[in-house]
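# Coordinate inspection notes
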4 protein chains.
Amino acid sequence: MIKVGIVGGTGYTGVELLRLLARHPEAELRAITSRGEAGTAVADMFPSLRGVVGLAFCDPKDAPLAECDVVFFATPNGIAMQQAASLLEAGVRVIDLAADFRIRNVAEWEKWYGMTHASPDLVADAVYGLPEVNRTEIRHARLVANPGCYPTATQLGLLPLVEAGCIDLNHLIADVKSGVSGAGRKAETHTLFAEAADNFKAYGVSGHRHLPEIRQGLARAAGSDVGLTFVPHLTPMIRGIHATMYARITREEDFQALFERRYAGEPFVDVMPPKSHPETRSVRAANTCRIAIHRPQDGDTLVVLSVIDNLVKGAAGQAVQNMNIMFGFDECTGLFHVPVLP
Amino acid sequence: MIKVGIVGGTGYTGVELLRLLARHPEAELRAITSRGEAGTAVADMFPSLRGVVGLAFCDPKDAPLAECDVVFFATPNGIAMQQAASLLEAGVRVIDLAADFRIRNVAEWEKWYGMTHASPDLVADAVYGLPEVNRTEIRHARLVANPGCYPTATQLGLLPLVEAGCIDLNHLIADVKSGVSGAGRKAETHTLFAEAADNFKAYGVSGHRHLPEIRQGLARAAGSDVGLTFVPHLTPMIRGIHATMYARITREEDFQALFERRYAGEPFVDVMPPKSHPETRSVRAANTCRIAIHRPQDGDTLVVLSVIDNLVKGAAGQAVQNMNIMFGFDECTGLFHVPVLP
Amino acid sequence: MIKVGIVGGTGYTGVELLRLLARHPEAELRAITSRGEAGTAVADMFPSLRGVVGLAFCDPKDAPLAECDVVFFATPNGIAMQQAASLLEAGVRVIDLAADFRIRNVAEWEKWYGMTHASPDLVADAVYGLPEVNRTEIRHARLVANPGCYPTATQLGLLPLVEAGCIDLNHLIADVKSGVSGAGRKAETHTLFAEAADNFKAYGVSGHRHLPEIRQGLARAAGSDVGLTFVPHLTPMIRGIHATMYARITREEDFQALFERRYAGEPFVDVMPPKSHPETRSVRAANTCRIAIHRPQDGDTLVVLSVIDNLVKGAAGQAVQNMNIMFGFDECTGLFHVPVLP
Amino acid sequence: MIKVGIVGGTGYTGVELLRLLARHPEAELRAITSRGEAGTAVADMFPSLRGVVGLAFCDPKDAPLAECDVVFFATPNGIAMQQAASLLEAGVRVIDLAADFRIRNVAEWEKWYGMTHASPDLVADAVYGLPEVNRTEIRHARLVANPGCYPTATQLGLLPLVEAGCIDLNHLIADVKSGVSGAGRKAETHTLFAEAADNFKAYGVSGHRHLPEIRQGLARAAGSDVGLTFVPHLTPMIRGIHATMYARITREEDFQALFERRYAGEPFVDVMPPKSHPETRSVRAANTCRIAIHRPQDGDTLVVLSVIDNLVKGAAGQAVQNMNIMFGFDECTGLFHVPVLP
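When you go through chain A residue by residue, the secondary structure sums to 11 helices and 13 strands. Taken against the 2.2 N^0.38 rule, which gives 20 Å for 342 residues, the C-alpha radius of gyration of chain A at 19 Å falls within 12% of a compact globule. Considering only C-alpha atoms, chain A reaches an extent of 60 × 45 × 40 Å along its principal axes. In chain A, which comprises 342 residues, the proportion classed as buried is 61%.

Residue and element names in this part refer to chain A. Examined at the domain level, chain A breaks down into domain 1 (2-125) and domain 2 (149-310). On a C-alpha basis, the centroid separation for the pair domain 1 and domain 2 is 27 Å. With 10 residues of domain 1 at the interface, the matching set in domain 2 holds seven residues. Top contributing element to the side of domain 1 that touches domain 2 by residue count: helix H4 (residues 106-113), with three residues.

So, about the relation of the copies chain D and chain A. When chain D is fitted to chain A, the residual RMSD is 0.0 Å, and the transformation amounts to a turn of 180 degrees plus an axial shift of 0.0 Å. Put plainly, the chains are arranged around a two-fold axis. The rotation axis passes nearest to the C-alpha of Pro236(D) in chain D, at a distance of 3.1 Å. Take the interface residues of chain D: 100% of them recur as interface residues in chain A, which is what a same-surface contact looks like.

Let's shift gears to the interface of chain D and chain A. At the interface, 41 residues of chain D touch 41 residues of chain A. At the level of secondary structure, the elements contributing two or more residues to the side of chain D that touches chain A comprise strand E7 (172-178), helix H8 (193-196), strand E8 (201-202), strand E9 (228-234), strand E10 (241-248) and strand E13 (301-308) of chain D. Per-element accounting of the side of chain D that touches chain A gives the leading share, four residues, to E10(D). Here the side of chain D that touches chain A is built from residues that sort into 16 nonpolar, 16 polar and nine charged.

Time to look at unusual backbone geometry. With an omega dihedral of 0 degrees, the bond running from Leu341(A) to Pro342(A) counts as a cis peptide bond. Within the secondary structure, Pro342(A) is located in the segment after helix H11 (312-326). The backbone phi angle of Lys275(A) is positive, close to 70 degrees, even though this residue is not glycine. Mapped onto the fold, Lys275(A) is located in the loop between strand E11 (269-271) and strand E12 (289-294). With a phi angle near 70 degrees, Ala285(D) is a residue other than glycine that sits in the positive phi range. With respect to the helices, strands and loops of the structure, Ala285(D) is situated in the loop between strand E11 (269-271) and strand E12 (289-294). Taking the C-beta count within 10 Å as the criterion, Ala285(D) has 26 such neighbours and is therefore assigned buried.

Here we come to the sheet that holds strand E5 (residues 127-128) of chain D. Residue and element names in this part refer to chain D. Sheet architecture is open: six strands sit in the order E2-E1-E3-E4-E6-E5, paired in parallel fashion. At either end of the open sheet lies a strand with only one pairing partner, and these are strand E2 (27-33) and E5. Across two bridges, the pairing between E5 and strand E6 (residues 143-145) is parallel. Note on E6: the bridge partner recorded for tyrosine 128 is alanine 145. Where helix H1 (residues 12-21) meets the sheet, it contacts strand E1 (2-7), E2 and strand E3 (70-73), and its direction lies at approximately 165 degrees from that of E1.

Turning our eyes to something else, we now look at the interface of chain B and chain A. Every contact between the two is made by 26 residues of chain B and, on the other side, 26 residues of chain A. Sort the elements by how many residues they give to the side of chain B that touches chain A and helix H1 (residues 12-21) of chain B lands first, with three residues. Of the residues belonging to the side of chain B that touches chain A, the class tally is 16 nonpolar, four polar and six charged.

Here the focus is the packing of helix H6 (residues 131-140) of chain C against helix H11 (residues 312-326) of chain C. Helices that pack against each other are described as a pair by the angle of their axes relative to one another and the distance between those axes. Residue and element names in this part refer to chain C. Running from amino to carboxyl end, H6 crosses H11 at an angle of 40 degrees, the nearest separation of the two axes being 9 Å. When the axes of H6 and H11 are compared, the pair comes out oblique. As for the relative orientation of H6 and H11, their crossing is right-handed in sense. On the side of H6, the interface is formed by Pro131, Arg135, Ile138 and Arg139, while H11 contributes Gln321, Asn322, Ile325 and Met326. Considering only residue class, the contact of H6 with H11 consists of four nonpolar, two polar and two charged.

On to the relation of the copies chain B and chain A, then. With an RMSD of 0.0 Å, the operation that places chain B on chain A is a rotation of 180 degrees combined with a shift of 0.0 Å along the axis. With an isologous cut-off of 70% or more, the 100% of interface residues of chain B that recur at the interface of chain A puts this contact in the isologous class.

Residue and element names in this part refer to chain B. For strand E13 (residues 301-308), the tally of buried residues reaches eight of eight residues, placing the bulk of the element in the interior. Residues Thr301, Val303, Leu305 and Val307 line one face of E13 and the alternating positions Leu302, Val304, Ser306 and Ile308 line the opposite face, and both faces are buried. The pairing of strand E10 (residues 241-248) with E13 spans eight bridges and is classified as antiparallel. By the bridge assignment, isoleucine 241 is partnered in E13 with isoleucine 308. The sheet contact formed by strand E12 (residues 289-294) and E13 spans five bridges and is antiparallel. Across the sheet, residue arginine 290 finds its bridge partner in E13, namely valine 307.

We now examine H1(B). Counting buried positions along H1(B) yields 10 of 10 residues, so the element is predominantly enclosed. Buried within H1(B) are the following residues: Tyr12(B), Thr13(B), Gly14(B), Val15(B), Glu16(B), Leu17(B), Leu18(B), Arg19(B), Leu20(B) and Leu21(B). Buried-residue contacts for H1(B) involve strand E1 (2-7), strand E2 (27-33), helix H2 (42-45), strand E3 (70-73) and helix H11 (312-326) of chain B together with H8 of chain D.

A few words on the sheet that holds strand E6 (residues 143-145) of chain C. All names here are of chain C. Strands sit in the order E2-E1-E3-E4-E6-E5 across an open sheet of six strands; the sheet is parallel. This sheet does not close on itself; its edge strands, each paired only once, are strand E2 (27-33) and strand E5 (127-128). With four bridges joining them, strand E3 (residues 70-73) and strand E4 (residues 93-96) adopt parallel strand pairing. Looking across to E4, one finds that phenylalanine 72 is bridged to isoleucine 95. On the sheet, helix H1 (residues 12-21) packs against strand E1 (2-7), E2 and E3 and is oriented at approximately 165 degrees with respect to E1.

So, about the environment of Leu311(D). Residues and elements named next belong to chain D. Mapping leucine 311 onto the fold places it in the loop between E13 and helix H11 (312-326). For the pair formed by leucine 311 and alanine 74, sequence separation is 237 residues and the distance between their alpha carbons is 11 Å. Ignoring any residue separated from it by four or fewer positions in sequence, one finds leucine 311 in contact with Tyr12, Thr13, Glu16, Ser181, Arg239 and Ala316.

This part is about the pairing of E12(B). Residues and elements named next belong to chain B. Buried residues dominate E12, accounting for six of its six residues. Neither face of E12 is exposed, since Cys289, Ile291 and Ile293 on one face and Arg290, Ala292 and His294 on the opposite face are all buried. Examined bridge by bridge, strand E11 (residues 269-271) and E12 share three bridges and lie parallel to one another. Residue valine 269 lies in a different strand from E12, and its bridge partner there is cysteine 289. In textbook terms, the turn of a hairpin is the stretch between consecutive antiparallel strands, and for E12 and E13 this stretch comprises six residues, one of which, glutamine 297, has a positive phi near 50 degrees.

Residues and elements named next belong to chain A. Relative to each other, helix H7 (residues 149-164) and helix H9 (residues 210-222) sit at 25 degrees, their axes nearing to 10 Å. If you check the angle between H7 and H9, you find them roughly parallel. H7 and H9 meet at a crossing whose hand is right-handed. Each of Tyr150, Pro151, Thr154, Gln155, Leu158, Leu159, Val162 and Glu163 in H7 lies in contact with H9, whose residues at this interface are His210, Glu213, Ile214, Gly217, Leu218, Ala221 and Ala222. When its residues are assigned to classes, the contact of H7 with H9 shows nine nonpolar, four polar and two charged.

Conventions used here
Residues numbered from 1 in each chain as written. Chains lettered and ligands numbered in written order. Predicted model: local features only at pLDDT ≥ 70, side-chain atom pairs only at ≥ 80, totals over all residues. Helix = DSSP H or I, 4+ residues; strand = E, 2+ residues; numbered from the N terminus. Rg over C-alpha atoms; globule rule 2.2 N^0.38 Å. Buried ≥ 20, exposed ≤ 12 C-beta atoms within 10 Å, placed from the backbone. Domains from an automatic or database assignment. Contact = placed C-beta atoms within 7 Å. Least-squares fit on C-alpha atoms with pLDDT ≥ 70 in both. Nonpolar A, V, L, I, M, F, W, Y, C, P; charged D, E, K, R; others polar. Pairing = 2+ DSSP bridges. Axes fitted to C-alpha atoms, helices over the stretch in contact; angles between N-to-C directions. Parallel < 35°, antiparallel > 145°, perpendicular 65-115°, else oblique. Left-handed = near helix turned anticlockwise from the far one by under 90°.

What follows is the structure in C-alpha cells.
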C-alpha cells in the first residue's frame, strides 16, 4: 500500500484519477489539493464520489505531500515545473499529467507553451511515460511526464510503422478528433454546451502544442526527424479520441502482422482484426487503445485508426499504469474496467 | 463460484449484464443465447468486451442453461414466461429483467402487455426484486421479477412518504425523464439519433406499462390503492432516469430525516443533503439511486428528485444485486463501480 | 422601414435577433452595441452571419440609438432599467428581452433579482409582451417587457384553464425542461459541454426567478393569487423548452375545445389534436408554441404539454412579434420560418 | 409559378425539400408520394410542417406527377432510374437526389451500387448538378443528378487546386465527418441514438459509394485520373459535413487568392479569411458551403477545410438551387435562410 497525493484535483484529470485510485488496491489517497476549494469535501464538488472519496480538498501549503510515495500533478501547464523539485528532493516520486516535462528541448517547449521553464534541469531526468515505448525507464523513473491525449493515440497508431521504416516519414498525416472534455473543466465560451453540441470544427491547424510532442516521439523511434501534418478537431462527445492517420508505403510488409507483433503482450493495446472500425465508445472509461489498419483499394496509402478515452489512456489511466510500473505492481492493477457501452 | 446463463444477450440489458458479470468474483458466465446471432463471438458484436468475454452466442436450444445455478432473462416481454418453468423445475433460479412476472394481477398484466400470460401460476411465486422492499423474500426466491427502470426510480423516491402515510395518496405525480437506451436496442425510427438528439418530448401520457407496476408497489406499501399520474419523457442522453415527484403533505414530518432513516444501511440508496439536485451522471454506470427532497417556499407540496442509471440500478445492476442476495454473497459484490463523470 | 438598434448583441438572444431582423422586410438594422467587442465585425464573432449582417459592434456611447425607432435590449438583467429612460424620452420605443420590467411589484422584483431597481417609475408603464394576452396594450406601448422563456411556455399552457376557472388554482404544477442555451452564452462551468451533455438535472427547486413572473401572469388571469410549484430542469439539447403541467379539475369542460377556442386565430399558438405529444424540435428555430392536452385514465388531473424554442417564441421571436404589433405590421412579418427538423 | 412533385417524401431529404419548397415564391407543391404512407397528412408525420404543408402523401400511381413542371426524387437509390424515363417523355424535368444518374460509367455504377441499371441510356443525358461546375448545362438539363453530400463538400474544397494543377493529383486525402442524418431516416441499429451519441467512428474505409463520384468529378476537372483516399466518419451531430482535405503542393501559388477567384460571384460558396476554422453550425439549415485554406508550418502540405449542411447544400438545398437554374429564377430564390446558430 503506497501513499498517494494529488495536486490540483478539481479538473477532469483530477476527478478521473480519484475514480481510478479510490478503488486501487495498492494505493491510499492521502491528500488532494486545491487552492480555490480548500475545505470543500471532494464529494460535494463531485457527487459521483459520495461514499467513495472521504477527503476534502486542502490548501497546497498544508498538504502532507512530502509524506507521500507518489504525487500526481493534475494541474494546468506550468505548475509542476515549480513544485516538482522539492518533492523529488524529499524522495517523493512525481507523475505530471500536464506538459511541463514532455519536451526534451527546453527552448522548443518555451516557444510552444509561451513561458520560461522553471526547472530546465529536471527535463532531462524526466521519463516520457508511454509504457509501450519506455517501460524499462519508467520502472526506475523519479519523474514521469505523462503523455498528452492526442500524442498517445497518434504515437500508438504510427509507431509500428515508423519503427519498421516502411513508410514515408516526411509526409505523415494525423487527422484527430477529440471529445470536449479534452479542453478541460475551465469555463470558456467555445466549450459551452450550446457552442460545442451538434457542431464539428477543426482548430489549431496552424500549430497545436501536441505537434512537437508527437514529432519528438516519432523522431526518436525513427532515428531522424519526421514530417507530420496534425489537425485536431473538436467533436460533440464528452470523452474519446479518434485518430485517423495516413502514411505512404515505401516498403511492402504484412502490416496487420507488424502491428500484432509490435503490441503482442501489451495489456492495454488491442490490435483489431483487418477491416475493423474501432469506435471511441468501445474504450469509454477504460485504459485501452484499440487500433485497426486499412489499405484502401490496395493502394500505396495506409490508413490507421486508433481510439482511446482521452481521460483514461490519454491521461489518468495511463498515469496509474505508470504508477503501477514505477512501484512494481502488476501493470493492470486497478485498471480492469470494462468499457461502458452504450 | 456460481454458474450463470443469460438468455437474450444482444440488447442493452444483456450487454450490461455482461459488463457487470464478467468481473464478478463469484460468478462464472457459462452461456449466453441469441437465436439470431448464434455462433457470433460476443466480442465481435460488442467490441467493448474484447479480451473480457470469450463466449460466443449460442442457440437457445443448445445452451447448457439447465446446468446453471441462475439464468437471467434479458429478453423482450413474453419470453421468460414461456421458458422459466422448465428451468425452475431443473432447479435453476431465474431472474427476469423483462416484465413477465412483475404484475401480480394476471388480467391487469394481460391488458397492459397485450398478450395471454403463458405461466400465470408462476406469477404468484415470483418475488418482485426491489431489495429495498423485499430483501428477505428475495433471499429465498426461485424466480425474481426484476423491476422496471421507471418503477425503480419512482418507488424509491415515493416509498418513504407512502409508508409513513403523511401525503395525499390519491394525487401523486411522477414526471419522469429517461435516456434513450431505455427504449432498447431494437431499430426503430423514433429512437434514431437524428430523431431523438437535440429534442425532448413526453410519450405515453395516456398510459404507460410501468404505471400499473408503480401503482402496485405503492399500493402494497400504503395498504390501499393509490392515485398516480405518471408522465414519461424521452431525453437526449444515453443512460439515466430522473424522476421528479410531487406529493401533497397531509401530516407534518421531518421529511429529510424520514428519508435518511428509511434508507439507513441501504448500500445503493444515497439520500443527499437538503436542497441538493442529483444529476443523472452522478450515478452513470453505477448501481446507485440518489434522492433529494425539497419543499419549495415551505408550501404544502413536496418535491422528490430521484436519479438512477436505467441500465444498472434500473436493470442489470439490480439484477446482479438480486443474484447476490439470492446466493448469500455480500450484496455489493461486483457492484463497486464508481460513477463515470464526466 | 423602421430603424432598429440592439443593445448587447453578443449573447444568444442577440444573435437570434440578428438572424430574424436581418431578413425582416420592414426593419433596418442601424446599430448593435457591445462594450467588450466594439469594433469587431458581427460576422467575425458569428460566422453564421457572414454575408448577412455587415455591421460591426459599436461602443454603447457611440451608437446612434436615439435615432432608432425601436431599440431591443438583449442585455443581462439590470442594464435596460438604467438606459431605457433616456431612449424613451428621445421618442424611441424599447423592447427589453431581460427581466427588468416584467414584475410589477418592484419590491418583489428586487428580492428575486438581488438589486435595487433603477427605474421603478417605468415599471408601471411597461407592457408585458405576451401578445396572446396583451395584444391591445402592446400596440400602444412605449416600453415592452418581453416575457421569459419558461413563463411563455408555462403561461400559454395554463392560461385557458386559469381563465376558465375550471381547475384548482392553489396547486398548479409546472415541471419544465429547458435546453442549455437558456442559460446564456456566458462562460460557466455548469453549462460546459462536458458537464451538461448526456446528463439531466433539476435546479432552482427552492425558487427560480421565473416563478414570480409566471405567478403574476396567472394571478392576473385568475383575478386572485395562485399557488404554483415550478421545477426547472437542464436538458442536454441546445434549444427548446418543454413544459409539462398538472392541474386538478374542479369543473368539467371540453378541455380540448376550450384550448382551441382560446387560441383560435392566434398565428403562433398551435393546439394539437387530442393525445398528441409535441416535440421541442417541431418548433426549432420558429416562433411557434405547440400545445397538447391529456387527461390520463379519465381521472381528475389534466396534463398540458407545451413546447417552444426558448430563443424564438421564448425570446427574440416574441420580441420581433411585439415589434410588429407596436408598429402596425402584420404580426407574422419576418417570422415565417419553418421549423428545422431534423 | 411552377408545379412541383416529390417522389418519396418520408425521408430526411424529402422533409427538407418540403421545408424549403413550402416557402419558395415560385414553386407550388402539387404532389408528394409515399407508397407506405398514402393518405397520411404530411403534417401528421412531420409536425414541424403543421400549418405549412397541407398535402397528404399519395400513392405513386395516383399522383399527378406528369402534370408537374419538375419532379424531385427523394427516394432510395434504384427508384428514379425506373421512373424517370416516363416523366421525361411527358415533358417533366427531373431532379434525382439519389445516386442513380451520378456516375457516367454505368459498369462502375453497377459495381458500387450492386444492381443493374434500369436506364443506362439516360445516364449520358443527365447533368451532374453541381452548379459551381456545371451551371450552364444545368440550365438546359431535363434530368439533373443531384450530387451526394460527401462529394459536394469534398469537390468544392479540392476543385480550385485540381483545376489549377498545382497539387499532387495521385495522393489526395479527404478525411470527412458527417452528421447522422446523412444515413437517412430508415430504422437501423447503428444509427440509434444510444449507438451513435457520444461516440465517433470511421466506416467504409475500404470503399464507400461516394468515392467513385468524387473521383469522377475531380478527374473531369483535372483532365486525368486522380488518386484519392477517402475516409468517412460518423459524427454525433444531426446535420453537417466537415471535410478535412490534404494535398501536396507541386507548384507555388497564392492559394487563398486562388480560392477567392474561383468562387468569386458564387452565391453559396464562402471562402473565409486565412487561418479560419469553419464550423458546421455556421451553415446549419442553410445552403452555404464555407471553406478555409491552411498551410501548416509553411510546409508542402495544404489543408483545406470545407463545411456544408448535408441536408441543404448536400441535398435538398442544392436540388432547389438546381431547380432555380433550370427554370431561370434567380439562383438564390427561396434559399435566403440565415444559418441557425446556436
